[in-house]
Amino acid sequence: MTQATLRTDSTKQRILFVEDDPSLCAFLGRYFGEEGYQVDMCHDGAGLRQLLAQMRFDLVVMDVGLPGRDDGYALAREIRGQHKGGLLFLSGRQEAIDRIVGLEIGADDFLVKPFEPRELLARVRAILRRLPAEPAAPPRPDHPRMAHFDGWSLDFESRMLRDATGRVQSLTTQEFNLLSALAQRPGRVLSRDQLLDFAANRDWSPFDRSIDVMIGKIRRKIGDTGPEHRVIRTIRGAGYMFSPSG
């Protein structure tokens, strides 16, 4: 049986939980409501389609093992063109292949049941921090769809980087997330911790050099090489800053 709730408060971020366990739904509704989120619930694919047709959600948290013919993976593929916000899978499956499939479909994260509510909250917050405040809103001057620098064009919506001739330069998902985070904040120093959160949704440790490796790969791809980097500057002891010349 489908259950769909719909509440409107434009000041709060909206989360849709797609979960067939009524007790878990009730708990998550209370928990995330108390944390300041606007929460809606449905129990199957029909409810998901109904709610997505009515409004935009910042994040969909979906159980992989939904009843009926619509499992979470199939629904995620179906709604990719309609839902522009984040996606987090919940699942009782613990095999690595299940997480890999979920992430390859396009999920931002994958959490195995049973889970600590605080961990789910932390993962939700991390995803929402990386998303624009209004993903479906028309572009505004302070939130452009594209960044131009040194002959390159970075399209935030199509997730493509093109050179001056229009040829696409391939970027991995994490490289695109990292370059986008920098390009959307020109002149601002971002720490490695912030950049790793944007790029890979995990915390940084002093021994983690993955951000430096990714920065190096991006620099080579955009020709930002040499002793003094023009586009992505290293700020010693602080992080990196995007400083395009136009």
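Please refer to the structure placed before this passage.
Presented here is an overview of the structure given in this document. Numbering of residues starts from 1 in every chain and runs along the sequence as written. In keeping with the model being predicted, local features are shown solely for residues with a pLDDT of at least 70 and side-chain atom pairs are shown and tallied solely at 80 or more, while totals for entire chains, interfaces and linings include all residues. Calculation of side-chain values draws on the structure's entire complement of heavy atoms; hydrogens and water are dropped beforehand.

1. Quick notes on the sheet that holds strand E5 (residues 109-112)
The strands making up a sheet are joined through hydrogen bonds of the backbone, oriented either antiparallel or parallel.
So, step 1. Two strands qualify as a pair provided that DSSP identifies no fewer than 2 bridges between them. A run of DSSP states H or I qualifies as a helix once it reaches four residues; a run of E qualifies as a strand once it reaches two. Both are numbered from the N-terminal end. Reading across the sheet, the 5 strands line up as E2-E1-E3-E4-E5 and stay open at both edges, with parallel pairing between neighbours. A single partner strand is all that each edge strand has here, and the edge strands are strand E2 (38-42) and E5. Neighbour-to-neighbour, the strand axes of this sheet turn through a mean angle of 20 degrees, independent of strand direction.
So, step 2. Relative to strand E3 (residues 59-63), strand E1 (residues 14-18) is paired through 4 bridges, and the arrangement is parallel. Each axis is a line fitted through C-alpha atoms, and for a helix only the stretch in contact is used; angles between axes span 0 to 180 degrees, taken between their N-to-C directions.

2. Observations regarding the packing of helix H6 (residues 173-183) against helix H8 (residues 210-222)
So, step 1. Here H6 crosses H8 at 85 degrees, and the two axes come no closer than 10 Å. Comparing the axis directions of H6 and H8 gives the class roughly perpendicular. Residues Gln174, Glu175, Leu178, Leu179 and Leu182 of H6 pack against Ile211, Met214, Ile215, Lys217, Ile218 and Lys221 of H8.
So, step 2. Just so you know the grouping, Ala, Val, Leu, Ile, Met, Phe, Trp, Tyr, Cys and Pro go in nonpolar, Asp, Glu, Lys and Arg go in charged, and all remaining residues, Gly too, go in polar. Tallied by class, the residues present in the contact of H6 with H8 amount to 7 nonpolar, 1 polar and 3 charged. Angular relationships are summarised with four words: roughly parallel below 35 degrees, roughly antiparallel beyond 145, roughly perpendicular across 65 to 115, and oblique for the angles in between. Note on definitions: a residue-residue contact is assigned when non-hydrogen atoms from the two residues lie within 4.5 Å.

3. Description of the pairing of strand E12 (residues 239-242)
So, step 1. Across 2 bridges, the pairing between strand E10 (residues 189-190) and E12 is antiparallel. Along E12, the bridge assignment pairs Val189 with Met241.
So, step 2. The pairing of strand E11 (residues 232-235) with E12 spans 4 bridges and is antiparallel. When the sheet's bridge partners are listed, Ile235 is paired in E12 with Gly239.
So, step 3. Taking the residues between adjacent antiparallel strands as the criterion, E11 and E12 are bridged by 3 residues, where Gly237 takes a positive phi near 80 degrees.

Purely geometric stuff here, so don't read any function into it on its own.
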